[in-house]
Amino acid sequence: MALWPFGVHDRETPSLGVVLVVDDEESIRKISRLTLTKAGYEVIEAENGEKAIEVLNTGENPLTVDVILCDIRMPKINGVEAIHYFRTQYPSVQIIVQTGFPDLNLATSLMKQGIVDYLVKPVEKEKLLAAVSKAAEQRTICNT
Amino acid sequence: MKPTAAEQSLIVVILGAGKGGSALIELLTRCAGIRVLGVADSNPDAPGLQLARYHYIPTTSDAAWLVARDEANLIIDVTGDPAIPALIARHKSPKSEVLGGTAARLIWSLIQEEHEMYEHLAHAEKLSTLGIFTAGIAHEFNNPLHGIMGFAQHLQGEADPALVNEYSREIVALTRRLSEMTKGLNLYAQTGQMPEMTDVQIPQVLDEAIKMAAFSTMLDEVTIVRNYAPVPDMQANPSELHQVFVNLVINAVQAMNARGHLTLSTGVEGGYLAVTIQDTGPGIAPQDLARVFAPFFTTKERGSGTGLGLYIVRTIITKYGGTIEPVSQPGNGTIFHIQFPLASAA
């Protein structure tokens, strides 16, 4: 099994990393997928916090997912609850929040919990790619 | 303090159904112990006559006939017509007192002042609600904006015509969504500059209220049940009815902590247009039930509500001759029963 720099990958084609995109809006997930796959990332999706936890606990995903791009306001388990779970269960997986809420208090509290960035929609693709690249780098540091 | 027998029997006749008469009817019908026996105006389109009909108050163009009714304790003349005092003197029962001339103008000014204060209060309550929802509104706008930005960025340099087509379609759909939201917000924030009375479809107002509630909280986990039996249109100021139902729907959704069933029903019961709004929240404690309509009463956290919502809801409903009754038991949710007299239906 080949050991890739970000997380553990045994796929034939290496990617820049695997990003789990969590957002309840299909069009938002589509934008993120387009931006990230074009840039060379592999993308998996979940439409709410509950699904994200389920996806993350499936198969080898806990080992292969490098970055979670997570919305806040979602049905079932919301972003805040989901992030708490991810930070507790999978502290090496890096988290970026991408939300419509320009909430400074929430941003501060989540940054303290160790998220990489708090992006307020609308997010330009260059900004998203910069944040994901930074997060993937930190994931590498966690793994070494 | 309960009104005494003498206070209970205050029976009033109003002459003049213009602005002054309308303000008087609005205020007097809110006062316990006062009964408006009738309203007269020579202009059949005077706004106060329609308002009187909501309250099942007899209206007439024959001031002399109304003045001669001997049950009246007080005749209030707000016509401003110099011929009316003589007509009153000729026809009135000796038992009736008259409030006219300068005294009536004074009362009229005071009521006008009170009316304007209330209008400002009602508008302030709307704006405060919008303020509380700022974060929700920003969220609801930022999501489609994000989509528009994203698809537009991917359009740049895209050579595949099928993808160009697909991304443009997404942008158009997201822009429409934004435009719908601005329309809804605008309708809610409007003041009394709208045409005073027009035909209003209650089910449509309820649907608009649901859209507004989406700004306050996540609605995905609220199952919305619409039991709309056909109802006639209601003659009303749409902005006021919008305020009533936005407040009630938002309260219901917040009471359930955004998880549960919200049932909205319309129908005709007897001579009334009935609307019920039912939630599956924790219900209202019996000691609070009597106070929910009191101004500044709130169980919400500081900064989450003004405590004026239900007070204004009831004031508007009463203006149209309607009633609102909450039924609630802790643990069993809350139902608000609203009835408007069909006289106000078109």
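Rules used throughout
- Residues numbered from 1 in each chain as written.
- Chains lettered and ligands numbered in written order.
- Predicted model: local features only at pLDDT ≥ 70, side-chain atom pairs only at ≥ 80, totals over all residues.
- Heavy atoms only, no water.
- Pairing = 2+ DSSP bridges.
- Helix = DSSP H or I, 4+ residues; strand = E, 2+ residues; numbered from the N terminus.
- Contact = heavy atoms within 4.5 Å.
- Axes fitted to C-alpha atoms, helices over the stretch in contact; angles between N-to-C directions.
- pLDDT = per-residue confidence, 0-100.
- Core = buried A, V, L, I, M, F, W, Y, C linked by side-chain atoms within 4.5 Å.
- Buried < 20%, exposed > 50% of the residue type's maximum accessible area, 1.4 Å probe, protein only.

S.K.: Outline the sheet that holds strand E5 (residues 97-99) of chain B, supporting the account with residue identities and numerical values.
M.R.: Residue and element names in this part refer to chain B. Across the sheet, which stays open at both edges, the five strands sit in the order E3-E2-E1-E4-E5 with parallel pairing between neighbours. Bordering the open sheet on either side are strand E3 (59-60) and E5, each of which pairs with just one other strand. Examined bridge by bridge, strand E1 (residues 10-15) and strand E2 (residues 34-40) share six bridges and lie parallel to one another. By the bridge assignment, Leu10 is partnered in E2 with Ile34. Along the sheet, helix H2 (residues 19-28) makes contact with E1, E2 and strand E4 (74-77), crossing E1 at roughly 160 degrees.

S.K.: Give me the sheet that holds strand E10 (residues 272-279) of chain B: which residues, what numbers.
M.R.: All names here are of chain B. Taken in spatial order, the five strands line up as E7-E9-E10-E12-E11 in an open sheet, and their pairing is mixed. The sheet terminates laterally at strand E7 (222-228) and strand E11 (323-328), the two strands that pair on one side only. The average angle at which neighbouring strand axes cross in this sheet is 15 degrees, direction not considered. For E10 and strand E12 (residues 334-341), the ladder comprises eight bridges, and the chain directions are antiparallel. By the bridge assignment for E12, Ala274 is matched with Gln339. Contacts from helix H9 (residues 202-216) reach E7, strand E9 (260-269) and E10 within the one sheet, and its direction differs from that of E7 by about 170 degrees. Where helix H12 (residues 309-319) meets the sheet, it contacts E11 and E12, and its direction lies at approximately 135 degrees from that of E11.

S.K.: I'd like a description of the confidence of the model for chain A, backed by residues and values.
M.R.: When pLDDT is averaged across chain A, the result is 86; 88% of the residues are at 70 or more. In this model, residues 1-5 of chain A is a region of pLDDT below 50 whose contacts with residues beyond four sequence positions or in other chains number 10 contacts.

S.K.: For the confidence of the model for chain B, give the residues involved together with the corresponding values.
M.R.: Looking at chain B, the pLDDT average stands at 86 and 92% of residues meet or exceed 70. Two numbers describe this predicted complex: its pTM, 0.71, and its ipTM, 0.86.

S.K.: An account of the nonpolar core is needed here, citing residue identities and associated values.
M.R.: Phe245 and Leu248 of chain B are the most contacted members of the largest nonpolar core, which has 82 residues in total. Those residues in contact with Leu248 of chain B, other than ones at most four positions away along the chain, are Ile277, Leu310, Val313, Ile324, Phe336 and Ile338 of chain B.

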